Amino acid sequence: MSERESFPYTGLAELRDPVTAALHRVVDPEMSLDIVELGLVYGVEAQARAVKVRITMTSAACPVTELIVDEATSELARALGPGVEVGVEVVWEPPWDPGRMSGRARDALGWE
Amino acid sequence: MSPGLRAARTALLLLGAASLAAGVSGGLARVGFPLAVPASAAFHGALMTGGFLGTVISLERAIALGSPLALAAPLASGLAALCLLFGISPLAQWLLVAAPLLLAAASVAIARRQPQAHTVLLVVASGAWVVGNALFVHGAPVDACAPWWFAFLVLTIAAERLEMTRLMKRRAVAKPLFYVVAAALLAGAALATFRPAPGAVVFGIALAAMALWLATFDIARRTVRSAGLARYAAVSLLAGYAWLALGGLAWAATPFAASAPRDVAMHALGLGFVFSMIFAHAPIIVPVVVRVIVRFTRAFYVPLVLLHASLVLRLGPGLLDADARRWGALLNAAAIALFVATLLASMARRETPAPSPAEDAPRYG
């Protein structure tokens with residue numbers, strides 16, 4: 001599986017690239033790594049008028065969750081245009097683990 | 001988010017800031033500046049640890065939980081500090097006990113959502129604040145409350161850092177070592193309540209051990225090689241760990257000397273360690289709380305350098321010379337004021353279109 005496809009994706013194939021690119025633009029401010037690389041994107045369901053994204057966070061105690069959700073929502077809305085309803089949901093199951101990180105993230109954090 | 005909720009959060013942040021202003025003015029009065037703020041001077045420690053830090057930590061936790069009900073914790077904490085400015089009233093006492101219990105409740109809710117070591121530790125940390133405030137309300141001397149208040153702050157920060165270390169490859173020994181150090185910290189605080197001298201030694205050594213753990217395992221050791229805000233935050237954190245180590249050693253020395261180690265311990269921890277964490281994270285967290293965008297610039301390094309330089313002046317030459325101590329304290333306050341000014345000057349309304357993070361985000365490499 002390549003790094004740019006490291007989350008489950010269902011729905012319209014033509015939206016895959018803009019959605020993935022938009023999610024790559026959402027960066028954790030302290031890590032300087034994006035949410036796709038960190039393995040925080042659990043799934044995308046893309047229909048013509050509605051795109052739903054499920055993401056998780058490494059910590060439930062972190063207030064930055066709100067910022068990440070906002071940024072993901074606005075990046076997706078910008079990428080998909082006004083006709084598409086964007087929903088970003090935070091989920092805690094299954095719990096995040098470091099194995100979900102991309103090769104680049106693992107490399108940056110000393111795993112490889 | 002509703003404008004009302006945003007206004008409520010902003011008001012609570014300002015309530016915390018009011019405690020900070022009162023606490024700092026009280027601190028300046030203590031080192032000899034002619035400020036007529038007797039209550040702020042008398043309750044300097046309670047205003048800084050509970051009124052300011054307790055309020056902002058509770059606010060942060062409430063936002064993480066996402067429940068407006070949890071805003072009761074920062075409200076109680078901020079109001080408790082305001083009440084203290086008029087002396088220890090029954091209302092102040094009630095609020096001082098309620099605030100940490102409300103924070104503990106919010107922390108339990110988060111630990112249930114994500115049962116992990118760091119979320120459980122946040123519950124334990126808020127428990128230390130409960131004990132510290134209960135002792136304070138009960139009339140215990142500040143020196144009996146202080147280990148609990150610092151246990152609350154240090155364990156809260158350590159829990160957040162422990163969580164971040166999960167992203168890094170760490171040695172198998174890291175986690176058990178962390179538990180040993182955290183347990184020693186609590187044991188030291190508990191012992192200090194009944195046997196101040198040996199308690200101070202255990203507590204101080206545990207603080208220094210925590211500094212060593214953080215300096216060894218924290219992800220800041222890697223992010224310091226990145227750029228922009230991530231690098232700035234890492235520099236602040238690593239500098240803070242040096243103060244945590246010094247503060248711990250000074251704390252362990254308090255039973256063996258007069259007042260000097262106590263001042264070093266309190267301010268190496270409270271200013272050097274805790275304010276480094278605040279300087280590191282406020283540019284990340286404040287935008288979330290008040291819904292603005294903070295554009296990071298290198299200007300943030302100026303208050304950071306001033307904080308550390310002024311603390312060196314205060315806790316170095318200031319130990320022997322009252323003028324150096326006063327100047328150090330004044331410049332400590334100036335560093336905080338300059339940081340707040342830098343933060344305010346870097347803010348932009350969240351509604352304004354920001355450049356894409358892909359263009360300005362700091363990256364490794």
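Criteria and thresholds
Residues numbered from 1 in each chain as written. Chains lettered and ligands numbered in written order. Predicted model: local features only at pLDDT ≥ 70, side-chain atom pairs only at ≥ 80, totals over all residues. Pairing = 2+ DSSP bridges. Helix = DSSP H or I, 4+ residues; strand = E, 2+ residues; numbered from the N terminus. Right-handed = clockwise from strand over helix to strand, strands pointing away. Axes fitted to C-alpha atoms, helices over the stretch in contact; angles between N-to-C directions. Left-handed = near helix turned anticlockwise from the far one by under 90°. Contact = placed C-beta atoms within 7 Å. Nonpolar A, V, L, I, M, F, W, Y, C, P; charged D, E, K, R; others polar. Expected span 1.5 Å × (residues − 1). Buried ≥ 20, exposed ≤ 12 C-beta atoms within 10 Å, placed from the backbone. Arc of directions from axis to C-beta. Core = buried A, V, L, I, M, F, W, Y, C linked by C-beta atoms within 7 Å.

Quick word on the pairing of strand E6 (residues 85–90) of chain A
Residue and element names in this part refer to chain A.
Working step 1: Both strand E5 (residues 50–55) and E6 contribute to a ladder of six bridges, which runs parallel. Across the sheet, the residue bridging to Ile55 is Val90, located in E6.
Working step 2: For the segment spanning E5, helix H2 (residues 64–80) and E6, crossover handedness is right-handed.

Here we look at the packing of helix H3 (residues 44–65) of chain B against helix H12 (residues 260–290) of chain B
Residues and elements named next belong to chain B.
Working step 1: Between H3 and H12, the shortest axis-to-axis distance is 12 Å and the interhelical angle comes to 35°. Classified by chirality, the crossing of H12 by H3 is left-handed. Together, Met48, Leu53, Leu59, Glu60 and Ile63 of H3 and Gly270, Val274, Ile285, Val288 and Val289 of H12 make up the contact between the two elements.
Working step 2: Class assignment for the residues of the contact of H3 with H12 results in eight nonpolar, one polar and one charged.

Thoughts on helix H8 (residues 174–194) of chain B
Residue and element names in this part refer to chain B.
Working step 1: The end-to-end C-alpha separation of H8 is 31 Å, in line with the 30 Å expected for 21 residues at 1.5 Å each.
Working step 2: Taken as a whole, H8 has its buried residues at Phe178, Val181, Ala182, Leu185, Leu186, Gly188, Ala189 and Ala192. Summarising the axial view, the buried residues of H8 lie within an arc of 150°, below the 170-degree limit, and thus occupy one face. Structural note: H8 exposes Pro176, Tyr179, Ala183 and Phe194 on the side pointing more than 90 degrees away from its buried face.

Regarding the nonpolar core
Working step 1: Among the nonpolar cores identified, the biggest contains 165 residues, and Ala128, Leu155, Leu185 and Met210 of chain B are the most heavily contacted of them.
Working step 2: With 19 residues, the single largest contributor to this core is H12 of chain B.

Some remarks on the sheet that holds E5 of chain A
All names here are of chain A.
Working step 1: Strand order in the open sheet formed by four strands is E1-E4-E5-E6, and the pairing between neighbours is mixed. With partners counted over all chains shown, the strands left at the sheet margins are strand E1 (9–11) and E6, one partner each. Taken pair by pair, the neighbouring strands of this sheet meet at an average axis angle of 10°, ignoring direction.
Working step 2: Across three bridges, the pairing between E1 and strand E4 (residues 41–46) is parallel.

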